[in-house]
Amino acid sequence: MNILDIANAPVQALDYMDRLINDGPPSKMFFANNVSLQYNPLLVDQVNVDIVSFFDTPPKKYGDEPEIISKTLGENGLFIHPDFHARAGAILGEDCFKISCEGVPTSSSRTIRLPQLQCYIKLHYPATLGRVSKALSRQDILNSIDVTNALYHAIRRGVVSPLLGFFPEVSGRGATIGDSEFTFTVRKSCAEAQRAEYIKYIVPAFSLYGKDYKNPHDPTLLAQLISNRIGVGCAYVEKLLIPVVDCYLSLLFLEGLQHEMHSQNFLLGFDGKWELQAIILRDLESIQKDLTIRSDNRIKERIESYPSRCLWRGQENYEVKHSFMYDHKLFEFFIKPLVEKTEKNNIERCTEVYREIQGFVRNKYSAQINEYFPKDGMWYKFDDVIVAQGIKRRLFLQCPHPAIR
């Protein structure tokens, strides 16, 4: 894809990038386990989402449901992924299917954009996608709504990076089909951000450096910006990578919100000159709430989803979990692949980039790093393996020499 294609049709370009300009995670499990071929985002550009009607007990609603969703579903409707059409039909009867909604698949596979409803729908998918099961629990819905509210408060307080943005996850529904819970979360398709009015283009983080699968010989989007000396391409470490790190750490240390910020879970908002205006978070249910940091910063809003995805000092692996999300998820799943591809695997140049980021972090956040990160000077990660259902705990692997702190 050419950057001019994005300028000419930003919405269509975002759909395309989300599906097809993506190298996947370092494990490459994205390509090993996916939805059925007829719904695979690498192969199709349209997926119709089924609506199931329950005639006895209506689905339970969570959050502040947008009116357009309520009108579409009525009181008894529930969105389900079409891979589970047969299962629902066998249990509830084929007459349970009301209508279907035309949707656009995303890289997440089980998350579909519904243009007519002006939102994304994240669907329960009780099977392995990539490395883990993508079952969506009712607690996940509550986590998303709770974090959405916390992010609204964070933007209003204005102490975090002014680039912070997010796609609000505002509501959901859940119901039982046979012996399984089926659910979905509603994510608005319009980003909340301090500088929202300046955003012209939105690019998934992985699409900046990913290969275009329909045009594999095209240079990456970031390479085009660099070669043409446009926007963040004039100084991508200073104008792109350091602001992403600053946004992540300011959100953690000033608001006690720790995002699983690999390149699938955030997008970048640019103005018409390709200058960075927003770092837009998505998949909000995975954000951890650090109660110790929130208390240290005297944040008084109640965490309604406690204790789900909550951290506090004294908890097992409390400091290790900070390293895991920063050194493993943000660095190894976004910064490292972007830098290695951009610098053509020049080890010396890559090291220089990491040291520049490290210098920024040590200058601005050394006190917080010393307070909340492991005291042993190590960093921690998980193995990239398929996680069997029912596994609640995995072992952290200890690694020397954290690259960017």
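Provided above is the structure to which this section pertains.
Here we summarise the structure given alongside this text. (Residues numbered from 1 in each chain as written. Predicted model: local features only at pLDDT ≥ 70, side-chain atom pairs only at ≥ 80, totals over all residues. Heavy atoms only, no water.)

Considering the pattern of salt bridges
- Following the criterion strictly, the structure yields 23 salt bridges and no others.
- Close ionic contact of E65 with R173 constitutes a salt bridge, the shortest N to O distance being 2.8 Å. With E65 in the loop between strand 2 (60–63) and helix 4 (67–73) and R173 in strand 10 (residues 169–177), this residue pair connects regions lying 108 residues apart in the sequence. No difference in accessibility class separates E65 from R173, as the two residues are buried.
- For K71, the salt bridge identified is with E67, shortest N-O distance 3.2 Å. Note that K71 and E67 are positioned in helix 4 at a spacing of 4 residues, about one turn of the helix.
- Among the residues examined, K71 registers a relative accessible area of 63% and is labelled exposed.
- A residue is classified by how much of its surface remains accessible, and E67, at 57% relative accessible area, is exposed. (Salt bridge = Lys/Arg side-chain N within 4 Å of Asp/Glu carboxyl O. Helix = DSSP H or I, 4+ residues; strand = E, 2+ residues; numbered from the N terminus. Buried < 20%, exposed > 50% of the residue type's maximum accessible area, 1.4 Å probe, protein only.)

Some points on the sheet that holds strand 18 (residues 310–311)
- The 3 strands lie next to each other as 14-17-18, forming an open sheet whose pairing is mixed. Each edge of the open sheet is held by one strand with a lone partner, namely strand 14 (257–258) and strand 18.
- Sheet analysis places strand 14 next to strand 17 (residues 288–290), joined by 2 bridges and oriented antiparallel. Across the sheet, Q258 pairs through a bridge with Q288, a residue of strand 17. (Pairing = 2+ DSSP bridges.)

Considering the layout of surface pockets
- Reported here for the second largest pocket is a volume of approximately 330 Å³.
- Lining the second largest pocket are 15 residues, with V11, L14, S189, C190 and I202 sitting closest to its centre.
- Counting residues per element, the ones that place at least two in the lining of the second largest pocket are helix 2 (10–20) and strand 13 (201–204).
- Looking at the lining of the second largest pocket element by element, the count peaks at 4 residues for helix 2.
- Taken together, the residues of the lining of the second largest pocket sort by class into 11 nonpolar, 1 polar and 3 charged. (1 Å grid on protein atoms, 1.4 Å probe; cavity = no way out; pocket = protein on both sides within 12 Å on 5 of 7 lines; lining within 4 Å. Points joined across faces, edges and corners; volume = space filled by probe spheres on them. Nonpolar A, V, L, I, M, F, W, Y, C, P; charged D, E, K, R; others polar.)

Focus on the packing of aromatic side chains
- Counted under the stated rule, the structure contains 20 aromatic pairs.
- With 5.0 Å between their ring centres and 80 degrees between their planes, F331 and Y354 make a pair best called edge-to-face. Of this pair, F331 sits in helix 10 (residues 318–342) while Y354 is found in helix 11 (residues 347–372), placing the two residues 23 residues apart along the sequence.
- The class for F331 is buried, based on a relative accessible area of 8%.
- With a centroid separation of 6.4 Å and an interplanar angle of 70 degrees, the aromatic rings of F360 and Y365 are classed as edge-to-face.
- For Y365, a relative accessible area of 3% corresponds to the buried category. (Phe/Tyr/Trp six-rings, centres within 6.5 Å; stacked < 30°, edge-to-face > 60°.)

A short note on the packing of helix 8 (residues 236–255) against helix 10
- At a minimum axis distance of 12 Å, the contact between helix 8 and helix 10 shows a crossing angle of 170 degrees. As the angle between them shows, helix 8 and helix 10 are arranged roughly antiparallel. Together, Y236, L240, L241, V244, V245, Y248, L249 and L252 of helix 8 and H322, M325, Y326, L330, F334, I335, L338, V339 and T342 of helix 10 make up the contact between the two elements.
- Residue classes in the contact of helix 8 with helix 10 are distributed as 15 nonpolar, 2 polar and no charged. (Axes fitted to C-alpha atoms, helices over the stretch in contact; angles between N-to-C directions. Parallel < 35°, antiparallel > 145°, perpendicular 65-115°, else oblique. Contact = heavy atoms within 4.5 Å.)

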